[in-house]
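Structural description and commentary
Below are the chains, spelled out letter by letter.
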Amino acid sequence: MSEDLFKRLVSHCKEYGFIYPSSEVYEGLNGVYDYGPMGVELKNNIKQYWWKAMVQMHDNIVGLDSAIFMHPKIWKASGHVDAFNDPLVDNKDSKKRFRADVLIETEIDKLIAKADKEVDKAAKRFGDSFDEKMYRETNPRVMEYLQKAETIEKRLAAALKVGDMADLKALIEELEITEPDTGSRNWTEVRQFNLMFSTQMSNTGDDGKLYLRPETAQGIFVNFLNVQKTTRQKIPFGIAQIGKAFRNEIVARQFIFRMREFEQMEMQYFVRPGTEMEWYAYWKEKRMAWHRAVTPAEKLRFKDHDNLAHYANAAVDVQFEFPFGFKELEGIHSRTDFDLSSHSELSGKKMQYFDPELNEHYTPYVVETSVGCDRMFLTVLSNALIDETVPDAKGEDSTRTVLRLAPALAPVKCAVLPLLRNNEELVGKAREIYDSLKHYFQCQYDEKDAVGRRYRRQDAIGTPYCVTIDHETLENGTVTIRERDSMQQERVEIGEVARIVGERVDMRKIL
RNA sequence: GCGGAAAUAGCUCAGUGGUAGAGCAUUGGCUUCCCAAGCCGAGGGUCGCGAGUUCGAGUCUCGUUUUCCGCUCCA
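Residues numbered from 1 in each chain as written. Chains lettered and ligands numbered in written order. Predicted model: local features only at pLDDT ≥ 70, side-chain atom pairs only at ≥ 80, totals over all residues. Heavy atoms only, no water.

This part takes up the packing of aromatic side chains. A complete count under the given rule lists 21 aromatic pairs for this structure. Taking 4.6 Å as the distance between ring centres and 35 degrees as the angle between the ring planes, the aromatic pair formed by Phe224 and Phe270 counts as tilted. Taken together, the positions of Phe224 in helix 10 (residues 224-230) and Phe270 in strand 10 (residues 261-271) put the pair 46 residues apart, joining distant regions of the chain. Each of the two residues, Phe224 as well as Phe270, counts as buried. Arranged with centres 4.9 Å apart and planes meeting at 90 degrees, the rings of Phe320 and Phe322 form a pair that is edge-to-face. Of the two residues, Phe320 and Phe322, neither departs from the other in class, the shared state being buried. Here the aromatic residues Phe6, Tyr33, Phe255, Phe257, Phe320, Phe322 and Phe324 are joined through ring pairs into a cluster of three or more. Above the ring of Phe257, the side-chain terminus of Arg375 is found at 3.8 Å from the ring centroid. (Phe/Tyr/Trp six-rings, centres within 6.5 Å; stacked < 30°, edge-to-face > 60°. Helix = DSSP H or I, 4+ residues; strand = E, 2+ residues; numbered from the N terminus. Buried < 20%, exposed > 50% of the residue type's maximum accessible area, 1.4 Å probe, protein only. Lys NZ or Arg CZ within 6 Å of the ring centre and 35° of its normal.)

Where helix 5 (residues 100-126) contacts helix 8 (residues 165-174), the two axes come as close as 10 Å, and the packing angle between them is 35 degrees. The way helix 5 lies across helix 8 gives a crossing that is left-handed. Two secondary-structure elements touch here, helix 5 through Ala100, Leu103 and Ile104 and helix 8 through Leu168, Leu171 and Ile172. Of the residues belonging to the contact of helix 5 with helix 8, the class tally is six nonpolar, no polar and no charged. (Axes fitted to C-alpha atoms, helices over the stretch in contact; angles between N-to-C directions. Left-handed = near helix turned anticlockwise from the far one by under 90°. Contact = heavy atoms within 4.5 Å. Nonpolar A, V, L, I, M, F, W, Y, C, P; charged D, E, K, R; others polar.)

Next up on the list: helix 5. Taking 1.5 Å of rise per residue, the 27 residues of helix 5 would be expected to cover 39 Å, and the 40 Å separating its terminal C-alpha atoms lies within 8% of that figure. Among all positions in helix 5, only Ala100, Asp101, Leu103, Ile104, Glu107, Ile108, Leu111, Ala115, Glu118, Val119 and Ala122 are buried. One or two residues past the end of helix 5 sits Gly127, with phi positive at roughly 65 degrees. (Expected span 1.5 Å × (residues − 1).)

Below, the discussion takes up the protein's contact with RNA strand B. If you check the shell around RNA strand B, you find 44 residues, and the closest are Arg258, Leu420, Asn422, Arg453 and Asp470. Sugar and phosphate atoms represent 53% of those atoms of RNA strand B found within 4 Å of the protein. Between RNA strand B and Glu15 there is a distance of 3.3 Å, counted from a sugar or linking oxygen to a side-chain nitrogen or oxygen. Measuring from a phosphate oxygen of RNA strand B, one finds a side-chain N or O atom of Arg453 at 2.2 Å. Going through the elements one at a time, helix 1 (2-15), helix 4 (80-83), strand 5 (97-99), strand 18 (397-403) and helix 15 (451-461) are the ones with two or more residues in the surface near RNA strand B. Per-element accounting of the surface near RNA strand B gives the leading share, six residues, to helix 15. Here the residues of the surface near RNA strand B sort into 13 nonpolar, 13 polar and 18 charged. (Near = heavy atom within 4 Å. Polar contact = N/O pair within 3.5 Å; in protein donor to acceptor, adjacent residues only side chain to side chain.)

The predicted model of chain A averages 88 in pLDDT, with 95% of residues at 70 or higher. When pLDDT is averaged over each element of chain A, strand 3 (residues 61-64) comes out on top at 97 and strand 6 (residues 191-194) at the bottom at 71. The ipTM assigned to the predicted complex is 0.87, against a pTM of 0.84. (pLDDT = per-residue confidence, 0-100.)

We now examine the sheet that holds strand 21 (residues 465-469). Across the sheet, which stays open at both edges, the five strands sit in the order 20-19-21-22-23 with mixed pairing between neighbours. In the strand order of this sheet, the two ends are held by strand 20 (443-445) and strand 23 (489-493), each with one partner. Recorded for the sheet is a direction-independent mean angle of 25 degrees between the axes of neighbouring strands. Of the pairings in the sheet, the one linking strand 19 (residues 414-418) to strand 21 comprises five bridges and is parallel in character. Residue pairing for strand 21: Val416 is matched across the bridge by Val467. In the packing of helix 14 (residues 424-437) onto the sheet, the strands contacted are strand 19, strand 20, strand 21 and strand 22 (478-483), and the crossing angle to strand 19 comes to about 165 degrees. (Pairing = 2+ DSSP bridges.)

Turning next to the sheet that holds strand 13 (residues 325-336). Here seven strands make up an open sheet; going across it, the order is 3-9-10-16-13-12-11 and the pairing mixed. Each edge of the open sheet is held by one strand with a lone partner, namely strand 3 and strand 11 (300-304). For this sheet the average axis-to-axis angle between neighbouring strands, irrespective of direction, equals 25 degrees. Its contacts with the sheet put helix 13 (residues 373-384) on strand 10, strand 12 (314-322), strand 13 and strand 16 (365-372), and the angle it makes with strand 12 is roughly 35 degrees.

With that settled, the discussion passes to the nonpolar core. Ranked by size, the top nonpolar core spans 61 residues in total, and within it Phe18, Leu42, Trp50, Met265, Met376, Phe377 and Leu409 carry the most contacts. Looking at this core, the element that brings in the most residues is helix 2 (residues 37-56), giving eight residues. Setting aside residues no more than four positions away along its own chain, Met265 makes contact with Ile46, Lys47, Trp50, Gln241, Ile242, Trp290, Thr369, Ser370, Val371, Cys373 and Met376. One finds Phe98, Leu111, Val142 and Val190 within the second-largest nonpolar core, a separate group that totals 26 residues. (Core = buried A, V, L, I, M, F, W, Y, C linked by side-chain atoms within 4.5 Å.)

Time to look at the pattern of salt bridges. Here the structure, examined in full by the defined rule, presents 37 salt bridges. A salt bridge links Arg482 to Asp459; the nearest nitrogen and oxygen atoms lie 2.7 Å apart. Taken together, the positions of Arg482 in strand 22 and Asp459 in helix 15 put the pair 23 residues apart, joining distant regions of the chain. Comparing Arg482 with Asp459, the two get one shared label, buried. (Salt bridge = Lys/Arg side-chain N within 4 Å of Asp/Glu carboxyl O.)

A separate point is unusual backbone geometry. Residues other than glycine predominantly adopt negative phi, and peptide bonds predominantly adopt the trans conformation. The residue after Ile235, namely Pro236, is reached through a cis peptide bond having omega 5 degrees. Here Pro236 lies in the loop between helix 10 and strand 9 (237-246). Non-glycine residue Asn359 carries a positive phi angle of around 60 degrees. Within the secondary structure layout, Asn359 lies in the loop between strand 14 (353-355) and strand 15 (360-362).

Bringing the pairing of strand 23 into the picture now. Relative to strand 23, strand 22 runs antiparallel, the two sharing five bridges. Note on strand 23: the bridge partner recorded for Thr480 is Arg491. In sequence, strand 22 turns back onto strand 23 through a hairpin of five residues, with Met487 there showing a positive phi of about 60 degrees.

Laid out in structure tokens, this is it:
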């Protein structure tokens, strides 16, 4: 059922102008998508919802739009140059893929475990008189295990440092590493995967190698002092940014869930060291509330990270139940002072804050919230798309496809429909109302086909309100407003429409 | 990247070697009709791309690209 829903969603997106595959006339481009006319409206509304919730609603959070191109040393300092490189190897028999370094490390761990076992056995044998340190340094078998482990470890580190994939393969062969499940030793060559895209700034030769940013966060960190000083912020304060990031994923799949070019909505919150866990808890709650305002609570959950990234001392994902299962939608990370310290070290510039209350300098700790904009888009759409059964004109069952978007997020807020197309008075009045309403919000005018069909068309793109101009309008200056979800109509004065619809589609409803 | 499946009109799909189809959508008109699919017309596809087999390929074979599923990866 979910898989069907997912297929429905993808074709609905294409059919109604939300999302198209990139470069479709050239057979497409793997893992890249374009947002169509409806898609860009919805996406902009999502961004606005986030921006208002973060920047407008917090005195101490300010915005930033840093460049995609950044000094290459930034990615050295952030750890991306080292950590975003994975040596991978496939097992030809089991068809499974492994990280070569992890396989070798597992082998090292086994050797150390063997040594420990020897020590344990000896400890039992000798009882109280056992001198573990002495035993470890003299017992030939223990020494052999440990020495071998150390040799491999050194060779692994050296190979990783210079990117010697052939030696990693050689190690796997020499150690006779087997595939854990099948015992197969039939490995492919080890290949290097760099998750960062690179380009060059100089237009001659290959000097000036640059990376396309794999996350927006670093633009915030390197501007930390600029922003703090020019906006007179006091800790704690935050910097928010929405922007594109690029990752050369090994596999980019599941529609817009994992793309090679994607958009992040990130906020870095700078706090006094030692208070980061309080703020981490604060933002966990705050961000979950933001999601719950537009997404049913039962489809959202927290998932703590089992393995923390190199920069973090606590990390949790907000997961959403996508049609293909619970997956990460937002990450909330306590990043410590890793980034600021690292930039400070590599750049030689102090990146500290003087705290007037404590009367001392320190490098702030950072709590990060990072939502995938495209994932939020997918979340919103998967929640909204519904096929429901409603009575038709004869009172019989018919189905309608409706996007039950939060009105504030809907691409089109209001459609203006003359009841009949071939009545000049109705059409003229409808045009007049449309021309007035379009100053307030995104509107559509439609006169083609029966009005019922036009309602359904608007339902399919999630338009929350349809204003219909009928014969009564010409008599007393009232129109009907038809609500998308209930399909109920109310009759109001023409002059009231902008106010009534405006109030209902206002972002304040979900903030 | 490996394995499996798929690719025909904007969407969903039919078409088993002999002149490319349907429904919906789009568009022009009729219908005066407040919750889609009433009537008459129109437009739109070198069947993902490239080779091969064949008198002849949407259909068979190979390659390739893209998509979905599994493995893997995911800051």
